[in-house]
Structures are given as structure tokens and as C-alpha cells.
Amino acid sequence: MSGARERRVRTGGVELCVAELGEPGRPVVVLVHGYPDSKEVWSEVAVRLAERFHVVAYDVRGHGRSTAPRPLRGGFTLEKLTDDFLAVVDAVSPDRPVHLVGHDWGSVQSWEFVTVGRAEGRIASFTSISGPSLDHFGHWIDRRVKRPTPRRVGRLLGQGAKSWYVYLLHTPVLPELAWRGPLGRVWPRLLERLEKVPGDGYPTASLPSDAAHGAWLYRDNVRPRLRNPRSDAYAHAPVQLITPLDDAFLSERLYEDLEQWAPRLTRRTLRARHWVPRSRPDQLTTWISDFVTSVEEGGRAPVPAAGPHADRFGGQLVLVTGAGSGIGRATALAFAEAGARVLAVDRDAEAAAGTAGEALSRGAAAAWAETVDVSDEQAMEKLAERVGTEYGVPDVLVNNAGIGLSGSFFDTTAEDWRKVLDVNLWGVIHGCRLFGRRMAERGQGGHIVNVASAAAFQPSRALPAYSTSKAAVLMLSECLRAELAGCGIGVTVVCPGFVDTAITSTARFAGVDAEEERRLRKRAARLYGLRGYPPEKVAAAILRAVARDRAVVPVTPEARAAYALARWMPGALRRIARLKPPL
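To start, this report covers the structure provided alongside it. What you see is a predicted model; the values in this text were computed from it and never measured.

### Looking at the pattern of salt bridges
All chains considered together, the criterion is met by 38 salt bridges. Asp282 is the salt-bridge partner of Arg48, the closest N and O atoms lying 2.5 Å from each other. On the criterion of sequence distance, the pair formed by Arg48 in helix α1 (residues 43-49) and Asp282 in helix α11 (residues 281-298) is long-range, its members being 234 residues apart. Looking at Arg48, the relative accessible area reads 24%, which means it is partly exposed. Here Asp282 falls in the partly exposed class, since its relative accessible area comes to 25%. Among the salt bridges present, the one from Asp83 reaches Arg118, with a minimum N-O distance of 2.6 Å. With a gap of 35 residues between them, Asp83 in helix α2 (residues 78-92) and Arg118 in the loop between α3 (105-115) and β6 (123-129) connect regions that are remote in the sequence. For Asp83, a relative accessible area of 33% translates into the label partly exposed.

This is the structure we're talking about:
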């Protein structure tokens, strides 16, 4: 690890290579790697954590620059791995408990550390990523075998299929030959292609021997523990569970009974694959930092945000344009209730500040306000630079700002067209181009939400300019979704119908005088108010869509009906479009 201080710790006949970053005297965070990794899997997370903590990462025995036990058989038991951990902790933090973080097999062995009596008092908190306790796993299997139901059997078989590699690693000699031969050579490309791990020189040259030695982690521990799981495997420290939802090796169902073993449990999920220390270091750093800080300050686990999807969006940076009112404000507050860090952007500085203040009171991890006109390209570029410098790269971008315009095509002037396209289309383009590019360059995924309208697929003789702008947003979103899929960035277009927001009071009507325009605005506002569909329901749909990575989301019954007609009965929709609106 670049800039790390290195020491050697001798224990149980092996010598462990231990790397340290950050200032001594700060809370100690110990990072334990998995299979077939070395401590270098943590390099991106470690350097970020070192800004606030004393970070320690060590090569597990037989991996990286640590020596291997002789003989290998019986040299990787959980008891011996616990000896190693305690030796490292005694060396780096003899007088103070440490905060433990484990990934994959690092998490599996860390569950042992946090549940055995001899480590009690040495661990202040534990963050588990993609690695269950073998004891908990054994009881999980036992309950499904002894009390089977169709659902339980299905989940058991599903995890059995995901665990195909475990069976292979128990075969003699073949895993070692594969890793020291062709598999060791192609593994970096497989990680880059299948796991979206950046091709930045990881894994290290020790991979073949790491993987060959690490096979004994499975052989020494899996079958004995699954057959005879401990009944006292209760966590004696607060636990944070981070579950990648697209993990090819572990089902999230493995953790459904975890509260009984870890009563002080905080759950987090993210849309990612298995190797999140490499693919999502920013998100992991945020969650680990917040968890450690909370435990340090209060001596207990943090209370997760209570809103829907709190385990999914807690700590994420969410930028919402048009956040001063309506759907934008409701969306910003919904993400705040999920524990996100919210950046409320609006051309009305006072309204943006009001949303940011309310977001803090609703549970946002942090909230800020920024003022910008999304149609102004230079202003948006300056905003993107400022956000990147002061807040970081957004994990979720919601392009919501928009204006309304009604009137027949021939009553709509060229200037009217320019205004509506500048905000409704170019504002979205600017947001996607500037912030989407930063998401792609960061290489850690993300999500873009573009708020269009049911008018995108429902033609109307009264809304030619508005409908055109929203139809363009719909197609732009579909194109971006295809282009950014390889970057792990989801794109959703949300298409609401009639929603009771302030857009009706600011909408323009082409071809009428000022007095008539005021009358039409009042009538539109009254009709939308009678419809009574609140923006909070649209906000809830946006959070669900991001969590599920939906492509097109019509919101309100009339929007869903129009979308169905557009797909299956477009002729009927065209006939409806000929009707003169009630305004």
C-alpha cells in the first residue's frame, strides 16, 4: 500500500506482514481480506479511511508477504486465524479495542473473532461484507433441512448453486494446479469483466500462491463447522452488515436470521457485485467511517434512518435539481429520510435552502443547498466543479427541474420553444453530461433519474412543445441506460401524470394575453388540486425505481394507462390526443 508503514508480527509459527496508514492515536480500524486476495484488496478503502483513522491491514497467513504454515493442512483453522488477529491487535493497539472490517473470507474469520470469548473486549465494532459466519450458516442450513417449506428449500438450493466453487476447492491438488496455471493468469481479466473491478494493477503478483494456500481456509473449516456449528456464536460488539445485492456467490437470504446472533445490528445494501472493496471504495469508506464514528462517540451502534430504503441509500450523496418545491423537494426529503447526504439544487436560493434545512430534520446524514439555472451551461459546469471539489461525486443524480408550456403549435413562438427546451431537455442533458461523466470516470457505479412526464408518450394537441421536450428526455434516458450499463450506472426515466405541484402556477400558456393566462393558471391549479395526487408518491416511486434499477416508471394511474396504450393500442391514444382539453 502506497505510503504505508510496515511491521512484522510473529505468531503461531508464521510471520505476518502488517501495513499501517494514518496517524497513531486515532481509533484503529483493522481490515481483513478474503479469498483469493491479499491485503492490497483494501488499498483504495484504506487510503480513504486513513484521513480519519489509524488503519491496519495485514496479509492473512500464507497470503501476500506473510509466511505460510507448515504443513498447510490444519494450518488455517479459525482458531489459528484468531490467534493471528489477536497478535496483530496486541501489536498495533494494546490498550484500546479496534474496529474490525472483513470482506469475503476476511469476514468469515472476523465473525469468529467477534463471537469467541477470548476476543471479547478487543473489538469495538465489526463491519461484515460478503462473508457469513460459518456457525450462523450451519444453523441456517439446519433449520431449512429440519423444517422444510417450498420457499426454504428453494433458498437452500439457490445458495447451494451459488456455492459451486466451494465444492471444487475441496478437491485435492486441482485448485492449486489451476491457480498456478491458467486461472491465475486470466483472473485479473475476469475480475475486470465480470465484477467491474478497475484494471489498476490489482490483484498483485502473489495471486497464484495466495489462492493455492487459501484453498486450505475452506478445507480446514467449512465442513467441520457446518456439521457442528457453535450454539453460542453471539456477537459481543455492534455489527454493521453490508450486503451487495448482485453478489454471485452469496444470497442476501443468508442473513435473514442475523438479528438473533447480532442484536446490535445495522444493515446496509448496495447494488453491486462481490468485490466491493475495489469496485465501491467510496461507499464503503462512508459507511465504515460513519459506523466507527458513531460507536466511538456513543459507545453503541448507530440508529439507522427509519425511512424506506434506509439500508440502500444511507450515506450516499444524492443531488436533486428543482429541489425547491414539488416533486424535487419531495424526492430530496425522501432520500433524506433514507439517511442519504442530500444536495438540494434550485434556481431559487431560498427554496433550496429551505429544502436542505428540512432534509436535515428528516434524517439526512448531511444536506446542502446550491443555486443554479439548469439551462445555463456555464453555470452548470461551475456547479459540477464545485460539487466535485466540496462534496464528491453524486451516487444518485435526479434531473427534475422543469417548466410547463401549453398552447397550440402555431401559437407557440420560437422563443417559447427555446425556453421550454432549454430547461426541460438541455437542463437534463447538462446534468447527465457533467455528473454522469464523473460517475463513469470514478468507476464505482451510480444512478441517474430523469423526471419526464406521461406527456412523453401521450400526444396532446395542447402540449406540443412540452410533450416534445419530455419525449426527448425519455429517449435520451433509454440511450444513456444502454451506454452506461457497462459502467454499472443505472438510468431511470420517471413519467408522472397529473401531480399536484407548483408547476401549474408557473406554467405558461402560448397565444393568450396576460389576463387569460392568469385565469388558465388558476383553473389548471384547481383541477390538479382536485386530482390530489401528492408529489410524495412520486418521490417514493423514484426511490423504489433506483433501488430496483427500473428503466421506465410511469407514475399515477392515468400515466400507467397511457403507457400501456402507447405500447399496445397507439391508435386509441392518437384519437384521444385530438380531444380539446377542458382548459
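### Some words on a nonpolar patch on the surface
A contiguous nonpolar patch, built from Trp164, Tyr167 and Leu168 and spanning about 370 Å² of accessible area, is present on the exposed surface. Considering the arrangement of structural elements, one finds Trp164 in helix α6 (residues 164-169).

### So, α3
Across the 11 residues that make up α3, a large majority, 11, are buried. Turning to α3, its buried residues number three or more, namely Trp105, Gly106, Ser107, Val108, Gln109, Ser110, Trp111, Glu112, Phe113, Val114 and Thr115.

### Here we look at the sheet that holds strand β5 (residues 98-103)
Spatially, 8 strands are ordered β1-β2-β4-β3-β5-β6-β7-β8 in an open sheet, and the strand pairing comes out mixed. Of all strands in the sheet, those with a lone pairing partner are β1 (5-11) and β8 (265-270), marking the two edges. In this sheet, adjacent strand axes meet at a mean angle of 20° when their direction is disregarded. Two elements, strand β2 (residues 14-21) and strand β4 (residues 54-58), share 4 bridges in a ladder whose sense is antiparallel. Residue pairing across strands places Val18 opposite Tyr58, the latter belonging to β4. On top of the sheet, α2 reaches β1, β2, β3 (28-32), β4, β5 and β6; it is set at about 130° to β1, its chief contact. Along the sheet, α11 contacts β3, β5, β6, β7 (239-244) and β8; its crossing angle with β6, the most-contacted strand, is approximately 155°.

Conventions adopted
Residues numbered from 1 in each chain as written. Predicted model: local features only at pLDDT ≥ 70, side-chain atom pairs only at ≥ 80, totals over all residues. Heavy atoms only, no water. Salt bridge = Lys/Arg side-chain N within 4 Å of Asp/Glu carboxyl O. Helix = DSSP H or I, 4+ residues; strand = E, 2+ residues; numbered from the N terminus. Buried < 20%, exposed > 50% of the residue type's maximum accessible area, 1.4 Å probe, protein only. Patch = residues over 30% accessible without salt bridge, like charges linked within 9 Å, V, L, I, M, F, W, Y side chains within 5 Å. Areas by Shrake-Rupley, 256 points an atom, 1.4 Å probe, with all protein chains shown as cover. Pairing = 2+ DSSP bridges. Axes fitted to C-alpha atoms, helices over the stretch in contact; angles between N-to-C directions. Contact = heavy atoms within 4.5 Å.

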